[in-house]
Amino acid sequence: MNAKKILGQAIKTVCFLALAAAVLSASSKVLGRKSYEGPWNHMAKMNEFYSMNRDSIDYVGIGSSHMYCTINPLEVYNKSDITGFILATQRQPLRASYYYLKEVFKTQSPKVVFIEGYMGFDSGEEIEEAVIYDAIDPLKLSLNKLFMINEIAPEGEKENYFFNIFKYHTRWQELEQEDYDALFNPPKDFYKGYVCISGEEEYTIKETDYEKIKEKDIPDNSLSALEDMYKLCNDNGAKMVLLISAYDSSDKTYSGVIKSEIMWAQEKGIDVIDITTMYDELNIDGKTDFYDSGHFDVDGAKKVSGYISDYLVEMGLQKNENADHEMWEEDYKSYIEGLK
Amino acid sequence: MSILSVQFMLFVLVLAGIYYIFPPKFKPYIILAGSVFFYLTFDWRYSLFLLLSIVTTFFGAIIISKRQDKRSKKIWLASVLVLNIGLLFAVKYLPYFMGLVSKVFDFQDPGISLLVPIGISFYTLQVSGYCIDVYRGKYEPQRNIFLYASFATFFPLILQGPISRYDQLSKTLYKRERGERIYENITYGAQLMLWGFFQKLVIADRAAMIVNNVFPDYTSFDSFGLVIAGLCYTIQIYTDFSGCVDICRGAGQILGVDIMENFKQPYFSISITDFWRRWHIALSSWLRDYLYIPLGGNRKGKVRKYINVLIVFLVSGIWHGVGLHYIAWGLIHGFYQVIGALTMPARLCVCKALKIDRGRWWYLTFQRIITFVLVSIAWVFFRAEGVMMSVNIVKNMFTGWSTYNFATIQDLGLNVPDLIVLLVAVLIVLTISICKHNGIRIRQGVAAIPLPIRWIMYLALFFVVLVFGIYGPGYSGASFIYMNF
């Protein structure tokens, strides 16, 4: 068999496989689950993140829903011109947060990294399927994503996360315009990862008294995630801050572990911002500032974001020259318009 | 490792890579290593049974070939067969048999539970056939145990056949030559696997949704529903078996090993006898060569012939599964053929009297429809979970007609979009089958199509399997609603 024929066959094979990969990729994009209802559209939020200018973000917030309801980057920007992004998904395990942080450092050089500690209690043994898909799906295909899948996806099902079309292909009967748009015009939203929600319920809030809480061991996988994120921040010149947002501190499932996380952070010299001990200081009102008992609404997030903004200024952060400030201004206006 | 899994596809690719990199003389050993690895991905204890079969039949065949007197040869052959087929019977049928006996003689079921090695029904017949062929002097026994083991364990065949003959399989399994048609092997093999996935995932598993909904709850459905479910099972069992065999044949083809076709458009058969020349050809030819002919075949008179046919199909029923309904299914096919043979003179008389040309297309179509209906009725016994349930389903298919609202066909288990996909997919398979039945060589025909159009066809089939295949964990929007935020 001559070399020319072999080369021709090799080229044909590569071309065909590339086309097959394109079919697979396009089908996955169309059939993949896009979002929950509007504010929780994590796909759109990650698309927005990937479109940010390189090194244009000076802080990030990573964690669970307790993060994405707490810091509103547009409010922070409005107060101090400091740009940031929230990369959080529902019940995001801390091990997943580690991979999100790695994703951040590929294109951004944040100076401050807020790690929200609510999910520290989770041992990682029984993670809900929806939580895992929610964390994994929005990321672009990369080695980082592969490692994330390998670590947090259940044994025997990892290929369903890598080729998520295995999971979502049955959606062919319920496709809508947003599914087709995902192929050529993927949606983004301007909230910079924040989930903008309003609440109507009133809650009685009480600041956490850690003197009355007995610490509980941090599960191994959560502790290792915190350690790894701390190291990653140090390696990339970023300051890690442990953020504890609103939660029901009377529930010892969470409070004991959170106390241990705070102690761990203090031993490492990591700043801790515990909102649950600052309700008076921040003038948090149970009647107006909560979506539910564990999550701030837009008014509560505004108050917290104001504090975060001051904190960042104290850390020496300033307006980032790489950021598209025109876009930020426009996005802030859109956000305000949306509140009306 | 399921043949429908990503892991299996990766396994075949990696094995093919190693296989083609190494010199040809290593080919059977690489295949053996791959086959052993494949089998070990199931319960490792299964491999002990497989090893026993390999060792006993390998040495048994050599001893048989060395023996001079026929009686001694026979004794050795009988010993090897009793050991291997006895083992098959013991692990697969003994618990059920003991349960039956305990019911008949009213004592407590001992509750025997035995490990049933995967593929034992297939590889036992394969190696037994080898020993019988050596006994008959058809070929010399293989003297290299590793080469023999590569035949006995060949991974595309071990789970669900086709049961291959040593002289046929060894031609390409042991072929050692440079300049193999690597590109053609891989492309043809991949195409065959893709076609197999289409049949299995798009058609068989979709039809199964109706079958699995209707059969267990058959009393809730009228004749229309039962007939549709019966028809779906007829489609399901063919496309499931044929699809899986094509996936396995494709995997073999990728490695340059030719595996026999197991189906030749069986639902185009003009008689039950014809059906068994087209359906599960490997098994039916094995039963013909190693059971029917040794029993005397049709050489000892009509009555003996009919008895032999019934014995063969009784064995076929037993081989297919554990349960009286499998035996009933086998015997039904046996009786079909006996009745067909008995009524043939009368039918010929009628045709002669009415001046019917039995070669005319409409008569052949009529025969095909009758055969299809008979086969489909028999399939009810294969699928249902007991003889009485089967009888009731068949009875209700004829006696339970009512005014059926076609709009409620969705009550059978598939919504309208899925039904449309099923119908279109079946039409595609039907079209291909008609082409093959008329002698059109599909693979060669496709190869002659211009490259861009060919690629569009392959990618379209790939897309169809990807999107419309019934596989994966399934998606439900409800499970993604984060109730607790």
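This is a predicted model, so every value here is computed, not measured.

1. Let's talk about the pairing of strand E3 (residues 112-116) of chain A
On any regular strand, side chains alternate: one points to one face of the sheet, the next to the other face.
Residue and element names in this part refer to chain A.
Stage number 1. Most of E3 is tucked away, with five of its five residues classed as buried.
Stage number 2. Along E3, one buried face is formed by Val-112, Phe-114 and Glu-116 and the opposite face, lined by Val-113 and Ile-115, is buried too.
Stage number 3. Pairing between strand E1 (residues 59-63) and E3: four bridges, direction parallel. When the sheet's bridge partners are listed, Tyr-59 is paired in E3 with Val-112.
Stage number 4. Relative to strand E4 (residues 239-244), E3 is paired through five bridges, and the arrangement is parallel. Residue pairing across strands places Glu-116 opposite Leu-243, the latter belonging to E4.

2. Observations concerning the side chain of B:Ser35
Residues and elements named next belong to chain B.
Stage number 1. Considering the arrangement of structural elements, one finds Ser-35 in helix H2 (residues 27-40).
Stage number 2. Residue class for Ser-35 comes out buried when judged on its relative accessible area of 1%.
Stage number 3. Ser-35 has contacts with Thr-153, Phe-154 and Phe-155, leaving out every residue within four places of it along the chain.

3. Here we look at the packing of helix H6 (residues 129-136) of chain A against helix H7 (residues 143-152) of chain A
Residues and elements named next belong to chain A.
Stage number 1. Where H6 meets H7, the closest approach of the two axes is 11 Å, and the angle between their N-to-C directions is 170°. It follows from the interaxial angle that H6 and H7 lie roughly antiparallel. Note on element contacts: H7 touches H6 through Lys-145, Met-148, Ile-149 and Ile-152, opposite Ile-132, Ala-135 and Ile-136.
Stage number 2. In terms of residue class, the contact of H6 with H7 is made up of six nonpolar, no polar and one charged.

4. As for the environment of A:Ser109
All names here are of chain A.
Stage number 1. Structurally, Ser-109 is set in the loop between helix H5 (94-107) and E3.
Stage number 2. When the C-alpha atoms of Ser-109 and Lys-333 are compared, they prove to be 26 Å apart, with 224 residues separating the residues in sequence.
Stage number 3. When sequence neighbours within four positions are dropped, the list of residues in contact with Ser-109 reads Asp-55 and Ile-57.

5. Concerning the sheet that holds E3(A)
All names here are of chain A.
Stage number 1. In spatial order, the strands read E2-E1-E3-E4-E5; together these five strands make up an open sheet with parallel pairing. Pairing within the sheet leaves two strands with one partner each, and these edge strands are strand E2 (84-88) and strand E5 (271-274). Here the average twist between neighbouring strands, direction ignored, is 20°.
Stage number 2. In this structure, E4 lies alongside E5, joined through four bridges in parallel fashion.

Parameters and conventions
Residues numbered from 1 in each chain as written. Chains lettered and ligands numbered in written order. Predicted model: local features only at pLDDT ≥ 70, side-chain atom pairs only at ≥ 80, totals over all residues. Heavy atoms only, no water. Buried < 20%, exposed > 50% of the residue type's maximum accessible area, 1.4 Å probe, protein only. Helix = DSSP H or I, 4+ residues; strand = E, 2+ residues; numbered from the N terminus. Pairing = 2+ DSSP bridges. Contact = heavy atoms within 4.5 Å. Axes fitted to C-alpha atoms, helices over the stretch in contact; angles between N-to-C directions. Parallel < 35°, antiparallel > 145°, perpendicular 65-115°, else oblique. Nonpolar A, V, L, I, M, F, W, Y, C, P; charged D, E, K, R; others polar.

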